[in-house]
Amino acid sequence: MKDFSQYREDFPLLKTKVYDKPLIYLDNGATTQKPQCVLDKLNEIYTLYNANIHRGVHHLSQIATMAHEDARKTVADFIHAKSSTEITFTRGTTESINLTAFCFGERYVNEGDEIIVSHMEHHSNIVPWQLMCERKMATLKVIPITPDGELDLDAFKNMLNEKTRIVAVTHVSNVLGTVNPVKEIIHWAHLNGTPVLVDGAQAIPHLPVNVQDLDADFYAFSGHKIYAPTGIGVLYGKAKWLEEMPPYQGGGEMIEHVSFEKTTFNELPYKYEAGTPNYEGSIALAEALHYVSAIGMEQIAQHEQELIQYAMEQMACIPNLRFIGMPKHRSGVISFLIGNEHPYDVGMLLDKLGVAVRTGHHCAQPLIEYYNIPGTVRVSLALYNNKEDIDQFVLALNRVANMLL
Ligand code: PMP
């Protein structure tokens, strides 16, 4: 087992104090802090080779273009895609899902068809499908969950039929931490001839991901949740789908030839990347992926598993604390409530003690309504968290619980 204490030193922001107390940052599910190498990379781009890519014959443009295309290769390798042409850069998970819902819907969905999502999805993996269903007069079906916060797979299998066009499901729940059996879900969907989009926003920083092993048709994630900047994300799509679907947005970069009579479109991977790409983001994302790869995703997963177990043992001793969701396979996230106290009050008091957590519905209102609660307090981990963070958090939570009782 690697000693993880060295990695914490790579993240300058973690030395910050809030209200004169050392910061305990446990809101990584919302966004992660950035290592020095990613900050340096951003500086390097603007100091040494900033130029618009793909268009320029000049030296700087060629260096920037090469770095952007190398970044695509790094992403492809990181998620084990067959080819880097299957990697489209987007603004993030939300845009990746909107792109898929729109373009897939335009090509394959007709009146009376069915789209399947689950009851534990983030709004980003609900609303784009709803919009598409409204446009195409299709129906949204929802995989039910169990009180422990797991998908009801038998119900899912029974929902698949000849009208099912696509299944969209999260790899890891951002509220419950449930690691869904996406490989099995994809297997069953494929037996029905149905492709699957996996929302990987909360899986990518915590688990090794192999899109070919999963046999995912689409896999979406955001850079900022895996130590890269905001504004950059990825849509992996099997070439077959990306080639058959119509483009998403029109503009520069995504065309082959434009005339007023007819425009033809660029080949993959440029077809869905209209306008100047966020090459600063893609290059910095590649740096972040090199960073986590050097540590090892398996090691990161193991380190975080130990922390989760430790945190849950400590938290269980806090009076009136109840966990929301007790999935068998959990990653990254713990949601809880203290008695009937509003999560916002708990979060605000924790903040005053230097502990940053998330409170509320976490953009998953249907899930929160299922549990009939006002929201949760959510602790979410990253590779730089350690047992001291958990000890400080539990100490603070004990104080808060006693204050509120
Ligand atoms: N899906 C899940 C499961 C998420 O946790 C998030 C971010 N909270 C998103 C989608 C949306 O990600 P982004 O806002 O980076 O597009």
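Computed from a predicted structure; not experimentally measured.

## Some points on the sheet that holds strand β10 (residues 233–237)
Taken in spatial order, the 7 strands line up as β4-β10-β9-β8-β7-β5-β6 in an open sheet, and their pairing is mixed. This sheet does not close on itself; its edge strands, each paired only once, are β4 (87–90) and β6 (139–143). For this sheet, the mean angle separating the axes of adjacent strands, direction not counted, is 20°. Pairing analysis gives 3 bridges linking strand β5 (residues 114–118) to strand β7 (residues 164–170), with the strands arranged parallel. For Glu114, the partnering residue across the bridge sits in β7 and is Thr164. Against the sheet, helix α4 (residues 93–108) contacts β4, β7, β8 (196–199), β9 (218–222) and β10, and its axis sits at roughly 155° relative to β9.

## Topic: helix α3 (residues 59–78)
Helical geometry note: an α-helix holds 3.6 residues per turn, so side chains three or four residues apart project in the same direction. Taking 1.5 Å per residue, 20 residues should reach 28 Å; α3 reaches 29 Å between its end C-alpha atoms and fits that length. Residues of α3 that are buried include every one of Ser61, Ala64, Thr65, Ala67, His68, Glu69, Ala71, Arg72, Thr74, Val75, Ala76 and Phe78, and no others. Taken from the residues just after α3, His80 is the one with a positive phi, measuring 60°.

## Concerning helix α2 (residues 36–49)
The end-to-end C-alpha separation of α2 is 19 Å, in line with the 20 Å expected for 14 residues at 1.5 Å each. Looking only at α2, the buried set comprises Val38, Lys41, Leu42, Ile45 and Tyr49. Residues of α2 that are buried sit in contact with α3 and α10 (279–295).

## Structural notes on the environment of Asn372
Within the secondary structure, Asn372 sits in the loop between α13 (365–371) and β17 (376–380). Residues Asn372 and Phe11 lie 361 residues apart in sequence; the distance between their C-alpha atoms is 38 Å.

## Structural notes on the site of the ligand
Close to the ligand lie Thr93, Thr94, His122, Ser124, Thr170, Asn174, Asp199, Ala201, Gln202, Ser222, His224 and Lys225. Take Asp199: an N or O atom from its side chain is 2.5 Å from a nitrogen atom of the ligand. One nitrogen or oxygen atom from the side chain of Ser222 is found 2.7 Å from an oxygen atom belonging to the ligand. Protein burial of the ligand: of its 400 Å² of free accessible surface, 84% is covered by the chains. Counted by class, the shell around the ligand contains 1 nonpolar, 9 polar and 2 charged residues.

## Section: the pattern of salt bridges
One pass over the structure, following the stated rule, counts 21 salt bridges. Notably, a salt bridge pairs Glu273 with Arg72, separated by 2.9 Å at the nearest N-O pair. Placement of the pair is Glu273 in the loop between β12 (263–265) and α10 and Arg72 in helix α3, with a sequence separation of 201 residues. Taken as a pair, Glu273 and Arg72 share a single burial class, namely buried.

## Regarding the pairing of β8
The alternating pattern of β8 places Val196 and Val198 and Leu197 and Asp199 on opposite faces, both of which are buried. As paired elements, β7 and β8 share 4 bridges and run parallel to each other. The residue bridging Thr170 from the neighbouring strand is Asp199, located in β8. Regarding the hand of the β-α-β motif, the stretch spanning β7, helix α7 (residues 182–191) and β8 is right-handed. Relative to β9, β8 is paired through 3 bridges, and the arrangement is parallel. Counted as the bridge partner of Leu197 is Phe218 from β9.

## Describing the domain arrangement of the chain
Along its sequence, the chain is carved into domain 1 (5–30 + 296–404) and domain 2 (39–293). Domain 1 and domain 2 are separated by 28 Å when their C-alpha centres are compared. Contacts between the two partners involve 39 residues from domain 1, matched on the other side by 34 residues from domain 2. In total, domain 1 and domain 2 occlude about 2,900 Å² of area from one another, counting both sides; carbon and sulfur atoms represent 57% of this. Viewed at the interface, domain 2 and domain 1 are joined by 1 salt bridge. Here Lys328 makes a salt bridge to Glu150, at a shortest N to O gap of 3.3 Å. In this structure, the connection of domain 1 to domain 2 is made through 24 residue pairs in polar contact (both at pLDDT 80 or more). When contributions to the side of domain 1 that touches domain 2 are tallied by element, the ones reaching two or more residues are α11 (297–315), β14 (333–338), α13 and β17.

About the criteria used
- Residues numbered from 1 in each chain as written.
- Predicted model: local features only at pLDDT ≥ 70, side-chain atom pairs only at ≥ 80, totals over all residues.
- Heavy atoms only, no water.
- Pairing = 2+ DSSP bridges.
- Helix = DSSP H or I, 4+ residues; strand = E, 2+ residues; numbered from the N terminus.
- Axes fitted to C-alpha atoms, helices over the stretch in contact; angles between N-to-C directions.
- Contact = heavy atoms within 4.5 Å.
- Expected span 1.5 Å × (residues − 1).
- Buried < 20%, exposed > 50% of the residue type's maximum accessible area, 1.4 Å probe, protein only.
- Near = heavy atom within 4 Å.
- Polar contact = N/O pair within 3.5 Å; in protein donor to acceptor, adjacent residues only side chain to side chain.
- Areas by Shrake-Rupley, 256 points an atom, 1.4 Å probe, with all protein chains shown as cover.
- Nonpolar A, V, L, I, M, F, W, Y, C, P; charged D, E, K, R; others polar.
- Salt bridge = Lys/Arg side-chain N within 4 Å of Asp/Glu carboxyl O.
- Right-handed = clockwise from strand over helix to strand, strands pointing away.
- Domains from an automatic or database assignment.
- Buried area = accessible area lost by both parts, 1.4 Å probe.

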